[in-house]
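Chain by chain, the residues run as shown.
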Amino acid sequence: MHRLLRSDPDVRRELVERFGTKVIGADGADREAIARIVFNDAEALDWLEELLHPKVVQEHAAWREALARSPDPPRVTATEVPLLFETGGEKRFDVVVVITAPRDLRAERRPMPDGREQRLVPEEEKVRLADYSYVNDGTLEELDAFVADVMARLTV
């Protein structure tokens, strides 16, 4: 999605038509300026998601198809999808892995401004819907071990 905001001319044109030139910076769309608008206006957020999500899905599908056609395709691909359950995107994947962390640790690692977290499917629900889940409140080595275990299970 970030690449689309940076360099897709159709996205840039649509953003300017909807929000004006104030949302365009030197490197493409100004994500902070857009966030200030859309996270205070549900209709604007819906519009932005309708603009971007289909393009993200198309790019992801093209990437997977290109990998599948390569001479030595990978047995497993991984994709990070921040709004997977919120957009119904889990249907596009064979397996879903959810990594969670306690709220205070998430806030410490990456504060989420503008009340964005209230829009998300609750963690408990994501864990219930996932094929694999992990609470990331330990070391990187523990996280790596979890990932290695899941990869081993998926490549049997």
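Presented here is an overview of the structure given in this document. (Residues numbered from 1 in each chain as written. Predicted model: local features only at pLDDT ≥ 70, side-chain atom pairs only at ≥ 80, totals over all residues. Heavy atoms only, no water.)

1. Quick look at the pattern of salt bridges
Part 1: A complete count under the given rule lists eight salt bridges for this structure.
Part 2: When the shortest N-O distance is used, the salt bridge between D10 and R13 registers 3.8 Å. In this pair, D10 and R13 both sit in helix α2 (residues 9-19), three residues apart, roughly one turn of the helix.
Part 3: Note that K126 is salt-bridged to E86, the shortest N-O span being 3.3 Å. (Salt bridge = Lys/Arg side-chain N within 4 Å of Asp/Glu carboxyl O. Helix = DSSP H or I, 4+ residues; strand = E, 2+ residues; numbered from the N terminus.)

2. Examining the side chain of D8
Part 1: Considering the arrangement of structural elements, one finds D8 in the loop between α1 (2-7) and α2.
Part 2: One buried charged residue, D8, forms no salt bridge at all, with the nearest opposite charge on K55 at 4.1 Å.
Part 3: A polar side-chain atom of D8 sits 2.8 Å from the main-chain amide nitrogen of D10.
Part 4: A distance of 2.9 Å separates a polar atom in the side chain of D8 from the backbone nitrogen of V11.
Part 5: The residues touching D8, leaving out its near neighbours within four places in the chain, are R3 and K55. (Buried < 20%, exposed > 50% of the residue type's maximum accessible area, 1.4 Å probe, protein only. Lys, Arg positive; Asp, Glu negative; His and termini not counted. Polar contact = N/O pair within 3.5 Å; in protein donor to acceptor, adjacent residues only side chain to side chain. Contact = heavy atoms within 4.5 Å.)

3. With respect to helix α4 (residues 42-69)
Part 1: Here α4 spans 40 Å end to end across 28 residues, near enough to the 40 Å set by a 1.5 Å rise per residue.
Part 2: The set of residues buried in α4 consists of A44, L45, W47, L48, E49, L51, L52, H53 and H60.
Part 3: In the core, the buried residues of α4 are packed alongside α1, α2 and α3 (31-38).
Part 4: Sitting at the head of α4, D41 places a side-chain oxygen 3.1 Å from the backbone nitrogen of E43. (Expected span 1.5 Å × (residues − 1).)

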